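Spelled out, the chains give:
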Amino acid sequence: MSGSTARAAHIVVVGAGIVGAACADALTENGFHVTVVDTAGVGHGATAAGMGHIVAMDDSEAQFALTKYSRDIWNALADDLPRAAERVACGTLWVAADDEEMQVVAQKCAFYRARGVRAEMLDSRQLAAVEPSLRPGLPGALLIPDDSVVYPPPLAAWLLKRACARGAALRIGIKVSRISDVGVELADGGKIACDMALVAVGAQAKALLPEIQLRPRKGHLVITDRHPNFVRHQLVELGYLKSAHGSTGDSVAFNVQPRATGQVLIGSSRQFDNNRAEVDHGMAQRMLARAVSYMPGLANLSAIRIWTGFRAATPDKLPLIGPHPTRPNVWLATGHEGLGITTSMGTARLVADMLCGRVTEIPAAPYSPCRAGQIDARSACATAPSALAAIGGAGHA
Amino acid sequence: MGELRREIFDIVIIGAGPAGMAAAATACAAGAHAALVDDNGYAGGQIWRRANNARHGKSVLATRWINHLQRSAAGSGGLARLQQTRVVGMPRANVLLAESERGALEIHYDKLILATGARELFLPFPGWTHPRVMGAGGLQSLVKSGLPIVGRRVIVAGSGPLLLAVANYLRHAGAIVPLIAEQAHSAEILRFAAGLARTPAKLLQAALLRGGLIGTRYCADAWPLRAQESGGRLSVTLQIGKRRRVETADYLACGFGLVANVELAALAGCKFARPGCVAVDDCQETSVKHVFAAGELTGIGGVEKAIVEGQIAGLAAAGRTTQTARLFGNRDAALAFTARLEKAFTLRPELKTLAGPDEIICRCEDVTLGQLTIGDGDQTFHSLHDAKLHTRCGMGPCQGRICGPAVAFITGAENDLRIRPPILPARVATLAADGGA
Amino acid sequence: MPDTVVIIINGRPHQVAEQSTVAAALLTVGETLFRTSVSGQGRGPLCGMGICMECRVEIDGVPARLSCQTPVRSGMEVRTGG
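Here the structure is a predicted model, which means the values were calculated and not measured.

Undergrad: Honestly, the domain arrangement of chain B in this entry has me stumped. Any pointers?
TA: It is common to give the size of an interface as the accessible area lost on bringing the parts into contact. Per the domain assignment, the segments of chain B are domain 1 (4-119 + 259-343), domain 2 (122-256) and domain 3 (355-411). Here the C-alpha centroids of domain 1 of chain B and domain 2 of chain B sit 28 Å apart.

Undergrad: Just checking my understanding: could you explain the sheet that holds strand β6 (residues 62-66) of chain C for this structure?
TA: Adjacent strands of a sheet form backbone hydrogen bonds with each other and so pair up, either parallel or antiparallel. Residues and elements named next belong to chain C. As summarised here, the arrangement of the 5 strands in space is β2-β1-β7-β5-β6, forming an open sheet in which the pairing is mixed. If you trace the sheet from one side to the other, it starts and ends with β2 (12-17) and β6, each paired once. Strand-to-strand twist in this sheet, taken as the mean axis angle between neighbours without regard to direction, amounts to 40°. Judged from the 2 bridges that link them, strand β1 (residues 4-9) and strand β7 (residues 77-79) form a sheet pairing that is parallel. When the bridges of β7 are listed, I9 appears paired with V78.

Undergrad: Can you help me understand the interface of chain B and chain A in this one?
TA: Between chain B and chain A, the contact holds 31 residues from the first and 36 residues from the second. Roughly 2700 Å² of surface becomes buried between chain B and chain A when both sides are summed, with 56% attributable to carbon and sulfur atoms. When the buried surface of chain B facing chain A is broken down by residue, B:L389, B:H390 and B:V428 rank first, second and third, together holding 22% of it. Counting across the interface, chain B meets chain A through 2 salt bridges. A salt bridge links A:R226 to B:E365; its shortest N-O distance comes to 2.3 Å. Taken together, the connections running from chain B to chain A amount to 15 residue pairs in polar contact (both at pLDDT 80 or more). At the level of elements, α11 (384-391), β24 (426-427) and α13 (428-432) of chain B are the ones that each hand at least two residues to the side of chain B that touches chain A. Examining the composition of the side of chain B that touches chain A, we find that 5 residues originate from one element, α11(B), more than from any other.

Undergrad: Just to check I follow, could you spell out the interface of chain C and chain B for this structure?
TA: At the interface, 34 residues of chain C touch 40 residues of chain B. Both sides of the chain C and chain B interface together cover about 2900 Å² of buried area, and 55% of this is carbon and sulfur. Our enumeration of links across chain C and chain B arrives at 4 salt bridges. A salt bridge links C:R65 to B:E99; the nearest nitrogen and oxygen atoms lie 3.6 Å apart. Counting every contact that joins chain C to chain B gives 11 residue pairs in polar contact (both at pLDDT 80 or more). Of all elements in the fold, only α1 (22-28), β4 (42-43) and β6 of chain C reach the threshold of two or more residues within the side of chain C that touches chain B. The biggest single contributor to the side of chain C that touches chain B is α1(C), with 4 residues. Here the side of chain C that touches chain B is built from residues that sort into 14 nonpolar, 14 polar and 6 charged.

What counts as what
Residues numbered from 1 in each chain as written. Chains lettered and ligands numbered in written order. Predicted model: local features only at pLDDT ≥ 70, side-chain atom pairs only at ≥ 80, totals over all residues. Heavy atoms only, no water. Domains from an automatic or database assignment. Pairing = 2+ DSSP bridges. Helix = DSSP H or I, 4+ residues; strand = E, 2+ residues; numbered from the N terminus. Axes fitted to C-alpha atoms, helices over the stretch in contact; angles between N-to-C directions. Contact = heavy atoms within 4.5 Å. Buried area = accessible area lost by both parts, 1.4 Å probe. Salt bridge = Lys/Arg side-chain N within 4 Å of Asp/Glu carboxyl O. Polar contact = N/O pair within 3.5 Å; in protein donor to acceptor, adjacent residues only side chain to side chain. Nonpolar A, V, L, I, M, F, W, Y, C, P; charged D, E, K, R; others polar.

Structure (structure tokens):
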């Protein structure tokens, strides 16, 4: 701590998923006093359900900025990550199905290169050579070599361990029922007094803050038994963009990942307005049929488990990072849709920089919960980020 | 993508062990268009695997039911037999997804009878992953499937009446079985044996077993401590009462009682009376309408209980509810036996500490017991599901069927591993097959 | 000797009982290591009833098949140790 006479602000991070864990890590690094609470455990929820693809995405400039920023942070940490995080620096292959999609490959390649991301176009022959299990005759792909895959729950645990080593408290089995002006109220009747609550519970944020425009977007994944070397890169069809971009209707896309274990993780599906955790067989069937159409040999692999998860989707597909528009003691770190594993690190840096009054390393405005359309119209953006100064006093360690 | 065959029945029975056979034959006799589905190529389940074959320890009761079943399946409109067919999921209401050598299959039903039986409980001890250490029922099933055992020396260990049946079978098949190590307390065993007088069939069975086992020591208060390789054979250290004894053997056949295969019932949404035990009403109907359960699923109780519950379920599913009452007395007697069985063979706490922290508990993912209590450094887990996410325990292809019950026993934690499709590993092609629905 | 069939185990032909499963056939010819575990241990069948997954072998090019649940068939190719 610095010589500041002010006590460190106490922040309750609600949610011990990857985003909450990354925020706890960054906040404790900046001298804040942090308590992390979660109903179920560390790295459950969407953190456990997702693919764990660390990816630079070019959907929009703002999405690119946050994913690239975050991916760079992850890559810098690569040597420190625990073995259980199962990091594989496999890169991403965006697979084109026809000549039209090959045009997209060229555009994407130019986009990434112009922004300092390594990218490489593969033709049909090169693609077949690096991924022989793909169906023959595909025209080519875009290789993004510095993307990677991880197994997220141990990463969340590792980040929280770092936070706890700096004094953070972790309380599991705690359900927050309400955030009041002086702290968080718990379902068991207890209270935790704090200066600020940071809500990082993904799609469940809606239960605490009903005014946020957040919709759960259900996804399915299938994992196989260990079949090493069947697939070598994270493979995503370019049509994925159509699937991920559409904000209505159910969709599936070919999205296959090699795990460090030799298992093959098969995605992906997107469904709005289905809040049941049960596997929807029809959706899983469509998703697998799509995957097999790209990779016929998948049909013979042994599938050992199917599960579902819920992405927290915002109307403009960008996360909500920063102060709640109307509640000075509430900050948000949610709405990461399918990119929370990647963008957790960037999110945490943005939150810490803003709370410390520093200039953020990338512009934070695109993710501000105050931007248009993120909050129910009845709430207005009344509080400027400068209100933070009121709770400040965090010494810079 | 992929052809999906479809078969439609009034009543579908899953599992062709005693409960499923009785349910199928009874439903068929009541005029229902029924199908009996099993992942084996033969009826009989684990207990009566090939039991109508003299080479495999012919059983009078088994033969009677196998013949009964064959009569049910004879002629048109009779019982359909879907053998070597594994049910892997329930894609929609009244539909099962199954897999066989011929590919994916949808089985449609109005009424479903679950008779999915039980598996052995395996507990870890040093050496339990050695390839010559097998389940007691596991070794028996391999011998019935063609493994020559003549002249082989087998130690049978663990708990429950199955150990006697296995030892008896193995001896008849030509094995040398010097010792059965039963972990239960000798006083409880004696009390249980005395109580068998109230169920004549069991008494008969016990007497037959005793006769067949002259030359094999049956030791209560006995359990395996360690098994290790020794010149191509196994050296097995046993605790017998207060003493230790080392035996050399070709196989250690070891099972600590039975655990019901409740996965399909859980997937169907059936409520449980207690962990591992599906709740049913007088007619064996579960909390899910038109889904019935019979046999080990409703409580581990052996063949008589399975048969009478199967009969009741078969009658009720076929709409002959009024005829079930005459069987309630038999079922009550079988349930009383179940309670005595459970009491006599309660697992002793010493078994929780056979394996040290370095012993593998999850055989699919090679997770050690030590990893479970203490995570990466100083983390303790809050549930089996939590431990699974962080250690991979229960994440492999058996989906926690082996390690889940063992961890629950050792740690006292609730087995909260989630049941999701496919309930058994399935080819991606099976799950991707398009039913056009 | 009961009726036999010839199956190929790890590239070599073996005569095995027609009525046996792949697991029983493998053990009969002395093949006790069916698969290599994640940490490198050799494993063989445990439950004998298609649940424990310890007896997985490659059969006719399809990986991770349950040998204890699969009857032998003439000409079948089995690979162990994977």
